[in-house]
Amino acid sequence: SRMFVENLTMAADLQFGGSSVWKGKKAVKQQEASLSFRLRSIVYDAAYVAHVRRLLKGWPMIANLRCGLWYAAGFDDTCYFKSTDGHVNQWQWSIQRLNLHVALHAARSGGCLLVDSTRRGKQYPDSFSRTVPIWCCVLNRVVYEHSLKRMLVSDEASSSAVDRQEIAQMWNQLSMPPWISEMECSEVEKRIPGFVERTLTSGADLTTLCELVKKPLRPMWTNPCSQIWDESNSPVHQDLPFSAVVCVSASFQRDGHPGLYIQGAGDDEESWAHGLQPSLFWSHGQFLADVDSDECVELCEKLVQDHRDLTSGECYQLDGSPIVLQTRELDPHQLSTCYRAVVLDFSSKAHQDLAPLASVPIHRFPVGTSQKTMRIARSMLAILDICQKCLRPPVDDGGGPSLPVRLVLYSRDSLGPAMCVAYAVLAVHCDGTGKLLPKPRPYTEITKQLLADMNMRVISQIPQVQTPLTIRKSIWKFFLVQQAAHPRE
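Rules behind the numbers
- Residues numbered from 1 in each chain as written.
- Predicted model: local features only at pLDDT ≥ 70, side-chain atom pairs only at ≥ 80, totals over all residues.
- Heavy atoms only, no water.
- Helix = DSSP H or I, 4+ residues; strand = E, 2+ residues; numbered from the N terminus.
- Buried < 20%, exposed > 50% of the residue type's maximum accessible area, 1.4 Å probe, protein only.
- Contact = heavy atoms within 4.5 Å.
- Areas by Shrake-Rupley, 256 points an atom, 1.4 Å probe, with all protein chains shown as cover.
- Phe/Tyr/Trp six-rings, centres within 6.5 Å; stacked < 30°, edge-to-face > 60°.
- Patch = residues over 30% accessible without salt bridge, like charges linked within 9 Å, V, L, I, M, F, W, Y side chains within 5 Å.
- Salt bridge = Lys/Arg side-chain N within 4 Å of Asp/Glu carboxyl O.
- Lys, Arg positive; Asp, Glu negative; His and termini not counted.
- Charge placed at Lys NZ, Arg CZ, Asp CG, Glu CD.
- Pairing = 2+ DSSP bridges.
- Axes fitted to C-alpha atoms, helices over the stretch in contact; angles between N-to-C directions.
- Parallel < 35°, antiparallel > 145°, perpendicular 65-115°, else oblique.
- Left-handed = near helix turned anticlockwise from the far one by under 90°.
- Nonpolar A, V, L, I, M, F, W, Y, C, P; charged D, E, K, R; others polar.
- Core = buried A, V, L, I, M, F, W, Y, C linked by side-chain atoms within 4.5 Å.
- 1 Å grid on protein atoms, 1.4 Å probe; cavity = no way out; pocket = protein on both sides within 12 Å on 5 of 7 lines; lining within 4 Å.
- Points joined across faces, edges and corners; volume = space filled by probe spheres on them.
- pLDDT = per-residue confidence, 0-100.

**Comments concerning the overall build of the protein**
No. 1: Check the secondary structure of the protein and you find 15 helices and 10 strands.
No. 2: Every one of the 489 residues in the protein was classed for burial, and the buried ones make up 49%.
No. 3: In the protein, the proportion of contacts linking residues at least 24 apart, taken out of those at least 6 apart, comes to 75%.
No. 4: Accessible area for the protein stands at about 23,500 Å²; split by element, carbon and sulfur atoms hold 53% of it.

Shown next, in the form of C-alpha cells:
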C-alpha cells in the first residue's frame with residue numbers, strides 16, 4: 001500500500017553510520033509503537049481476510065476474541081478460543097468455553113471461518129494450532145458417544161463391521177496441523193478422553209449439537225503466505241465429507257515480511273488503542289491510518305469522545321446476578337425507588353449528575369481508561385467489602401416488601417475496569433450461573449481458573465469491551481496476598 005511504501009522510503013533515508021545506527025533503530029521502534037502504524041498494519045492484514053471471505057463466500061466468518069475483531073468491518077459472530085488452552089504440555093479444556101455456536105455455524109453452512117492473529121514470530125496463534133483442533137476432536141467424540149454410537153449399535157444388522165469401524169475412526173480422529181510433532185500429538189491424544197467425559201457429564205445442553213452436526217468437524221489453516229484455494233477450487237462448492245473450521249491467521253509472519261510492519265497489530269488493544277474499538281474504527285475511524293503519528297492519538301481520542309457523547313450509553317445486567325454494568329446516565333428515581341442500590345463509579349472524573357443521588361450510596365474509584373492497576377489492587381479490599389454489604393444486606397424486619405438489590409458498576413469512560421471488578425465479585429459471591437452463594441466463597445478457594453471462568457462469563461455478555469490484562473493480573477495478585485494473609489479462612 002501507499003503508506004507502507006512511504007514507511008520503507010523513510011527507513012531507507014535513515015543514515016546508518018556510527019551513532020546514527022542507534023538513532024535509526026530507535027526511530028523505527030518509535031514508529032512501530034505509534035497508533036497510526038498499528039492501524040496501518042491492521043488495514044494491510046484486513047485485505048487478506050477480505051480475500052479469504054470472498055473465496056469462501058457463504059460460510060459465516062467468526063472473530064476470535066479479542067484480536068480477531070480488528071481484521072474486518074463486520075463478522076457474523078464471535079468466539080473465544082484461548083491460546084493458553086493450547087500451550088505445549090498445558091493443554092486444557094474449559095466447560096465455560098465450549099463454543100458450541102461455532103460448531104452449529106459450521107454444521108449449518110458446511111464450514112465457517114475463524115479469524116485471529118498472533119504478534120509473535122510464528123504463523124498461527126496456539127489457539128489455532130492446538131486449541132481449535134482439540135476442540136474439534138472433543139466435540140466430534142461427544143457427538144459420537146452421545147448419539148452416533150448408539151445408532152450404529154442399533155443398526156448393526158444393516159451395516160458391516162468395516163463400515164462401522166470407518167465411521168468410528170472418522171469421528172474420533174485427532175486432526176492436528178502438520179507442524180505439530182507426532183510426540184505432542186500423542187500426548188494430546190491421551191487427554192482427549194478425559195475432556196470428552198467432562199463435557200458429557202457437565203450438564204451442558206448438547207441436544208442441538210448432536211442433532212445438527214451430521215459431519216465431523218475438521219480444522220483447516222490459511223495465512224497470507226499460503227496458497228490453498230482460488231475461485232476454481234473453493235471448498236464452499238464441494239461436497240466435503242466434513243464440516244470445515246477454517247482458521248484464518250490474518251498477519252504475515254514478521255520474519256518473512258519486508259519493511260516496517262507489526263505482526264498481530266490488533267493484539268493487546270488496551271495498551272495502544274486509547275479507547276478505540278474495532279467497530280468504531282471501521283465505521284468512522286479508518287482515516288486515522290493515514291494521518292501522521294503525532295496527530296493520530298489526539299484525533300483518536302476526540303473521535304472516541306465524540307462517539308461517546310452521541311450515544312446514550314450502554315447498560316448490561318449480568319445474567320442471573322444482581323450486578324449491572326453501565327455507561328448510560330444513571331436514573332436517580334429508578335435506583336432509589338425500585339432497588340436497594342449501591343453505585344461504584346470508576347469514571348476518571350467525578351460527574352456532577354451523580355451529586356443529587358443522596359439516597360443511593362456512591363463510591364468513587366477513579367480509573368477511567370488508564371492503566372492505573374495499582375489503584376485497583378489497593379482498592380479491591382474496600383470494593384469487595386462494599387459489594388458484600390450491597391449483595392448481602394441485613395434482613396428487613398419492618399414487615400414491608402424487600403426491594404431487590406442492585407450493584408451498579410458505572411463508568412463514563414470504559415467498562416473494562418468495571419468488568420474486571422465484576423468477575424472478581426462473581427468469583428467471591430456467585431456460582432457458575434450468577435446466583436448468589438449462601439455465603440461468600442473463602443479467599444483460599446479463589447483459583448486462577450475460577451477467575452478466568454468468571455471473566456469469560458462477563459466478556460461473553462459484553463464481547464465488544466476488553467478487560468485489561470494488567471488489571472486482571474493485579475486482581476489475581478490481590479487474591480494471592482489475601483490467601484497468604486488468611487491461610488485458614
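**Quick word on the packing of aromatic side chains**
No. 1: Evaluation of the coordinates by the stated rule reveals 14 aromatic pairs.
No. 2: Ring centres of Tyr44 and Tyr261 lie 5.9 Å apart, and the angle between their planes is 70°; this geometry places the pair in the edge-to-face category. Separated by 217 residues along the polypeptide, Tyr44 in helix α3 (residues 35-55) and Tyr261 in the loop between β5 (243-249) and α9 (278-284) bring together distant segments of the chain.
No. 3: With a centroid separation of 6.2 Å and an interplanar angle of 80°, the aromatic rings of Tyr443 and Phe478 are classed as edge-to-face. Separated by 35 residues along the polypeptide, Tyr443 in the loop between α13 (416-429) and α14 (448-461) and Phe478 in helix α15 (residues 469-485) bring together distant segments of the chain. In this pair, the class of Tyr443 matches that of Phe478, namely buried.
No. 4: Through pairs of rings, three or more aromatic residues link up here, namely Trp70, Trp272, Phe281 and Trp282.

**Here we look at a negative patch on the surface**
No. 1: Taken together, the side chains of Asp292, Asp294, Glu295, Glu298 and Glu301 define an acidic patch exposed on the protein surface.
No. 2: Counting through the fold element by element, Glu295 comes out in helix α10 (residues 293-310).
No. 3: Among the residues examined, Glu295 registers a relative accessible area of 42% and is labelled partly exposed.

**So, the sheet that holds strand β1 (residues 61-64)**
No. 1: Strands sit in the order β2-β1-β3-β5-β4 across an open sheet of five strands; the sheet is parallel. Single-partner strands in this sheet number two, and they are β2 (77-79) and β4 (217-222). Pairs of neighbouring strands in the sheet enclose a mean axial angle of 30°, with direction left out of account.
No. 2: With six bridges connecting them, strand β3 (residues 111-116) and β5 associate as parallel partners. Within β5, the position partnered with Cys112 by the bridge is Val245.
No. 3: Along the sheet, helix α4 (residues 100-109) contacts β1, β2, β3, β4 and β5; its crossing angle with β3, the most-contacted strand, is approximately 135°.

**Some thoughts on the pairing of strand β7 (residues 323-326)**
No. 1: Alternating positions in β7 separate into two faces, Ile323 and Leu325 on one and Val324 and Gln326 on the other, with burial throughout.
No. 2: Pairing between strand β6 (residues 315-317) and β7: three bridges, direction antiparallel. Each residue of the ladder has a partner; that of Gln317, found in β7, is Val324.
No. 3: Counted along the chain from β6 to the antiparallel partner β7, the turn is five residues long, and its residue Gly320 has a positive phi close to 80°.

**Re the sheet that holds strand β10 (residues 405-410)**
Backbone hydrogen bonds hold the strands of a sheet together, and the pairing may be parallel or antiparallel.
No. 1: Taking strand neighbours across the sheet as the criterion, the five strands line up as β6-β7-β10-β8-β9 in an open arrangement whose pairing is mixed. A strand with exactly one partner marks an edge of an open sheet, and here the two such strands are β6 and β9 (362-364). On average, each strand axis in the sheet is inclined to that of its neighbour by 20°, with strand direction left out of account.
No. 2: Here strand β8 (residues 340-345) runs beside β9; their pairing, made up of three bridges, is parallel. Along β9, the bridge assignment pairs Val343 with Ile362.
No. 3: Set on the sheet, α13 makes contact with β7 and β10; between it and β7 the angle comes to about 175°.

**Describing the packing of α13 against α15**
Packed helices, taken two at a time, are described by the angle between their axes plus the distance between the axes.
No. 1: Relative to each other, α13 and α15 sit at 30°, their axes nearing to 10 Å. For the element pair α13 / α15, the angle class is roughly parallel. Considering how the two elements wind past one another, α13 and α15 form a crossing that is right-handed. Here α13 contributes Pro417, Cys420, Val421, Tyr423, Ala424 and Val428 to the contact with α15, which in turn contributes Ile471, Arg472, Ile475 and Phe479.
No. 2: Considering only residue class, the contact of α13 with α15 consists of nine nonpolar, no polar and one charged.

**Here's the deal with the nonpolar core**
No. 1: Counting 93 residues, the largest nonpolar core has Leu39, Leu276, Leu325, Leu344, Leu409 and Phe479 as the members making the most contacts within it.
No. 2: Of the residues forming this core, the biggest block, 11 residues, is contributed by α13.
No. 3: Those residues within four positions of Leu409 in sequence are excluded, and the remaining contacts are Ile323, Val324, Leu325, Gln326, Leu344, Phe346, Leu415, Ala418, Val421 and Ala422.
No. 4: Judged by nonpolar contacts, the second largest core, of 42 residues, contains Ala106, Cys185, Val188 and Leu209.

**Observations regarding the layout of surface pockets**
No. 1: Approximately 1,300 Å³ is the volume found for the largest pocket.
No. 2: Forming the walls of the largest pocket are 43 residues, and the residues nearest its centre are Tyr80, Lys82, Thr84, Leu469 and Arg472.
No. 3: Take the lining of the largest pocket: its biggest share by element is seven residues, from α14.
No. 4: Among the residues forming the lining of the largest pocket, the class breakdown is 12 nonpolar, 14 polar and 17 charged.

**Quick look at the confidence of the model for the protein**
No. 1: Per-residue confidence for the protein averages 82 on the pLDDT scale, and 82% of its residues sit at or above 70.
No. 2: The low-confidence segment residues 1-18, where pLDDT is below 50, has 25 contacts with residues more than four positions distant or belonging to other chains.

**Description of the environment of Ala422**
No. 1: Here Ala422 lies in helix α13.
No. 2: Among the residues examined, Ala422 registers a relative accessible area of 0% and is labelled buried.
No. 3: Along the chain, Ala422 and Val408 lie 14 residues apart, while their C-alpha atoms are 9.7 Å from each other.

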